[in-house]
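So the chains spell out like this:
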Amino acid sequence: MKGLFAFGLGLLSLVNALPQAQGGGAAASARVSGTRFVIDGKTGYFAGTNSYWIGFLTNNRDVDTTLDHIASSGLKILRVWGFNDVNNQPSGNTVWFQRLASSGSQINTGPNGLQRLDYLVRSAETRGIKLIIALVNYWDDFGGMKAYVNAFGGTKESWYTNARAQEQYKRYIQAVVSRYVNSPAIFAWELANEPRCKGCNTNVIFNWATQISDYIRSLDKDHLITLGDEGFGLPGQTTYPYQYGEGTDFVKNLQIKNLDFGTFHMYPGHWGVPTSFGPGWIKDHAAACRSAGKPCLLEEYGFESDRCNVQKGWQQASRDLSRDGMSGDLFWQWGDQLSTGQTHNDGFTIYYGSSLATCLVTDHVRAINALPA
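Residues numbered from 1 in each chain as written. Predicted model: local features only at pLDDT ≥ 70, side-chain atom pairs only at ≥ 80, totals over all residues. Heavy atoms only, no water.

The chain goes by mannan endo-1,4-beta-mannosidase in an unreviewed UniProt entry, where it is assigned to Podospora pseudocomata. Database annotation for the chain, UniProt heading Catalytic activity (unreviewed entry): "Random hydrolysis of (1->4)-beta-D-mannosidic linkages in mannans, galactomannans and glucomannans." (UniProt positions renumbered as here; feature names shortened; annotations may be inferred.)

Laid out in C-alpha cells, this is it:
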C-alpha cells in the first residue's frame, strides 16, 4: 500500500527483551497443492488481512489482543512488515530493524529491533495465525528501497542490480529467515511490498526475483515464497494496471520456480479505473495462476466509499473462483483499539467490532466456510 503514515511509535510502551521465536513442524503448516493453499492440513480458500504496524508495537498485550481479535474473526493469514530500515539510528526506544550506511550497516537484534518481530511470531504461533513477512518496501515508508539508495547510491530502479544494496539486502534476509526457519507461524516470505521498476524491461524484476527466491530457498527448504507485487502487466485490457510500464510481467513472474504463488493488489480509486474493474481483474489473475498451476492470492484491496457494497462484490468474485485459481484474499487493513488508542485510519481501515467488519469480515468468513470442500 502506497503512502502510509508513520504510526505513533513514540506513544507505545516499552517491553522486556525476549528470546527469538522457536517452533517446530514448519514444513507441514502451510503449502500449496496445485492452485490451492493447504494450511495445517486443510485445503481450501482462506481469508486474512494486513497490519503494517503490528511488528512495531512495544506493548506485548497490544500484540496479543490484536491477534486474538484477528483469530476470533476467523481470519487465518496476516501480512506484516518484516522491515523497518533507517539511515540514522533513532533516539530512545523507537523501533528499527536495520540501519543502512555505506561505512557499515547494522541489523538491530535488540529489544527495539527484531525482538519485536520475535514476539509477534511467537504470539501468532500460539493462535494458529500464519504470517506473510515482507522483507523490503518499494515505497519510502519505514525506509524501503530509498534507504538502501541513500546508503549505496543509484536509484530505486537500479536497486535491483546494485551489488552493494543487494549484498546488504541478502544479509538482512538471512538474519530474518534464520530466526524463524522452524516456525509454523510463517506462511510465506515475501521479497518486497509492491516492487516496481518504472520504465524498466520486465527482465529486471524477473531476474532479481529469480535470484532472491533461489537464495531464500537455500536458507529455508519448507516455507512458501512469493513476490508481493501488485499484479501489473497482464494480457486482457489496455487500462493502466494491465500495462507493463511499472516493470512487472505477472504471467512471466509466475514461471519463477521458487515463487510458490502469485500475488496481486486492487485499488481502483488509486488507479483511475471504476469499481466494476474488480471482478475482471480478479478473473484474469485467477486464469493466469490456473495456467501456471499455482494459487493466486488477492493480497491487498480497498476502496474509500460505499465500502461494504463495493468490496463484498469483489470478495464474492474471488470466492467464486476458489477452485479455479483463487485461494485467498487479504483486505487492507486491520484496525483495532490499543492501549495507546485507535490504530491508524488511512481511509481503508476496517476496525474490529464495526458494522463494516460484520459486512467484510464476519459475513465473508461465513461464506468461505460454506464453500464446498
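*Asks:* Honestly, the sheet that holds strand β7 (residues 98-99) in this entry has me stumped. Any pointers?
*Replies:* In any sheet, the strands associate via hydrogen bonds between backbone groups, in a parallel or an antiparallel arrangement. As summarised here, the arrangement of the 3 strands in space is β6-β7-β8, forming an open sheet in which the pairing is mixed. Looking at the sheet topology across the chains shown, the edges are occupied by β6 (85-86) and β8 (106-107). Relative to β7, β6 runs parallel, the two sharing 2 bridges. Bridge pairing in β7 links Asp85 to Gln98. (Pairing = 2+ DSSP bridges. Helix = DSSP H or I, 4+ residues; strand = E, 2+ residues; numbered from the N terminus.)

*Asks:* Would you take a moment to explain the state of the cysteines for this structure?
*Replies:* Between two cysteines, a covalent bond joining their sulfur atoms is known as a disulfide. Following the criterion strictly, the structure yields 3 disulfides and no others. For Cys289, the disulfide goes to Cys296, at an S-S distance of 2.1 Å. What sets the handedness of the Cys289 and Cys296 disulfide is the S-S torsion sign, and at about 70° it is right-handed. In terms of burial, Cys289 and Cys296 fall into one category: buried. In this model, Cys308 is linked to Cys359 through a disulfide, with the two sulfur atoms separated by 2.0 Å. (Disulfide = S-S within 2.5 Å. Buried < 20%, exposed > 50% of the residue type's maximum accessible area, 1.4 Å probe, protein only.)

*Asks:* So what exactly am I meant to see when it comes to the sheet that holds strand β11 (residues 224-226) here?
*Replies:* Taking strand neighbours across the sheet as the criterion, the 8 strands line up as β11-β10-β9-β5-β4-β14-β13-β12 in an open arrangement whose pairing is parallel. The sheet is open, and its two edges are formed by β11 and β12 (262-266), each paired on a single side. Across the sheet, the axes of successive neighbouring strands diverge by a mean angle of 25°, strand direction being ignored. Direction of pairing for strand β13 (residues 296-301) relative to strand β14 (residues 326-331): parallel, over a ladder of 3 bridges. Its bridge partner being in β14, Cys296 is matched across the sheet by Met326. (Axes fitted to C-alpha atoms, helices over the stretch in contact; angles between N-to-C directions.)

*Asks:* Even after reading the chapter, I still don't get the packing of aromatic side chains, so can you show me in this structure?
*Replies:* Aromatic ring pairs are reported here in terms of the distance separating the ring centres and the angle at which the planes meet. For the structure on display, the rule yields 30 aromatic pairs. Relative to Tyr160, the ring of Trp159 lies with its centre 5.2 Å away and its plane at 85°, an arrangement referred to as edge-to-face. Taken together, the aromatic side chains of Tyr52, Phe56, Trp81, Phe83, Phe97, Phe142 and Trp332 make up a single cluster linked through ring pairs. Lys156 extends its terminal NZ or CZ atom over the ring of Tyr138, reaching a point 4.2 Å from the ring centre. Above the plane of the ring of Tyr215 lies Lys170, whose end atom (NZ or CZ) is 4.8 Å from the centre. (Phe/Tyr/Trp six-rings, centres within 6.5 Å; stacked < 30°, edge-to-face > 60°. Lys NZ or Arg CZ within 6 Å of the ring centre and 35° of its normal.)

*Asks:* Before we go on, may I ask you to explain the pattern of salt bridges in this structure?
*Replies:* A side chain with one charge can pair with a side chain of the opposite charge if their charged atoms come near. Summed over all chains, the structure comprises 16 salt bridges. Glu230 is the salt-bridge partner of Arg196, the closest N and O atoms lying 2.8 Å from each other. Taken together, the residues Arg196 in the loop between β10 (186-190) and α5 (203-219) and Glu230 in the loop between β11 and α6 (250-253) connect sequence positions 34 residues apart. Note on accessibility: Arg196 and Glu230 belong to one class, buried. (Salt bridge = Lys/Arg side-chain N within 4 Å of Asp/Glu carboxyl O.)

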